[in-house]
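What follows is the residue order along each chain.
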Amino acid sequence: MKYTNDDLPIDLLVNMLGPLPDDRFVSHGCSRSPDRIGACDLRAACHIHDFHYECGGGKAERFEADRVFYVNLRRSDLGKLLSTFYWMEVRLWGHVFFNWTSEP
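So, a few notes on the structure that sits alongside this text. (Residues numbered from 1 in each chain as written. Predicted model: local features only at pLDDT ≥ 70, side-chain atom pairs only at ≥ 80, totals over all residues. Heavy atoms only, no water.)

Here's the deal with the overall build of the protein chain
Of regular secondary structure, the protein chain possesses four helices and two strands. Along the protein chain, from the amino end to the carboxyl end, the secondary structure elements read α-β-β-α-α-α. What you see for the protein chain is a C-alpha radius of gyration of 13 Å, in line with the 13 Å of a compact globule of 104 residues. Summarising its shape, the C-alpha atoms of the protein chain cover approximately 40 × 30 × 20 Å along the three principal directions. Taken over 104 residues, the protein chain has a buried fraction of 42%. (Helix = DSSP H or I, 4+ residues; strand = E, 2+ residues; numbered from the N terminus. Rg over C-alpha atoms; globule rule 2.2 N^0.38 Å. Buried < 20%, exposed > 50% of the residue type's maximum accessible area, 1.4 Å probe, protein only.)

Structure below.
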């Protein structure tokens, strides 16, 4: 599924840490993972994480993108265990999707 800011509930977006993508940015939601778990809607957290990955950078920028992702998962009311699981997955496999604009 693809998302823009307009596809996401505004109350989710305003609760997220980090700058919001501009209205033209399109993300793929929580790639290879559910966008929702029970009542927790994770789309905004994943949307902003995709934006940070698209902005790219080096190791420090990727680590910060993943740190903000974890915070936003917790703000989405996802429990600590599942938030940690999502964070570990992006730390292990996210390097493939990150826009490296300097040495990894």
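Here's the deal with the side chain of Thr 4
Along the polypeptide, Thr 4 turns up in the segment before helix 1 (10-14). Discounting residues that sit within four places of it in the chain, Thr 4 has contacts with Asp 23, Phe 25, Val 26 and His 47. (Contact = heavy atoms within 4.5 Å.)

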